[in-house]
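As a plain string of letters, each chain reads:
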Amino acid sequence: MNATSPLVLEILGLCSLYREGLVLLTTLASRSESLVEQMRSELSSKDFSHAMNCIYLIEEINALCLDEGRKPTQEEKDAILFELDVLDKVFTSNSK
């Protein structure tokens with residue numbers, strides 16, 4: 001997967017915007033899943049699995065927050081940021 005691929009640039013940009021507080025968790029969860037699904041054929045099965053696992057964990061936190069009508073706790077925010085770092089590594093390590 002090429003780092004200049006529009007889909008890669010979009011997902012990396014989405015992660016960055018979330019970190020800056022410019023994208024809501026609900027948007028991050030739904031859009032990132034859609035983007036990774038679109039990249040499925042361009043990723044190895046291992047990288048696709050890693051990326052989707054990150055997204056599922058983000059979606060799980062999002063669902064909990066929505067169900068409970070609250071914002072993420074600090075622990076959940078830290079977990080989301082960790083998963084975003086993993087996503088970054090998946091997409092930047094494959095761009096060589």
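Reading the values: the criteria
- Residues numbered from 1 in each chain as written.
- Predicted model: local features only at pLDDT ≥ 70, side-chain atom pairs only at ≥ 80, totals over all residues.
- Heavy atoms only, no water.
- Helix = DSSP H or I, 4+ residues; strand = E, 2+ residues; numbered from the N terminus.
- Expected span 1.5 Å × (residues − 1).
- Buried < 20%, exposed > 50% of the residue type's maximum accessible area, 1.4 Å probe, protein only.
- Arc of directions from axis to C-beta.
- Contact = heavy atoms within 4.5 Å.

Attention now moves to helix 1 (residues 6-19). When the terminal C-alpha atoms of helix 1 are compared, their 20 Å separation across 14 residues agrees well with the 20 Å that a helix rising 1.5 Å per residue should span. Among the residues making up helix 1, those that are buried are L7, V8, I11, L14, C15 and Y18. Angularly, the buried residues of helix 1 cover 130° about the axis, an arc narrow enough to put them on a single face. The inward-facing, buried residues of helix 1 contact helix 2 (25-38) and helix 4 (74-93). Looking one or two residues past helix 1, G21 carries a phi angle of roughly 80°, positive in sign.

Turning our eyes to something else, we now look at the environment of E33. Structurally, E33 can be placed in helix 2. You can call E33 partly exposed: its relative accessible area is 25%. Discounting residues that sit within four places of it in the chain, E33 has contacts with M52, I55, Y56 and E59.

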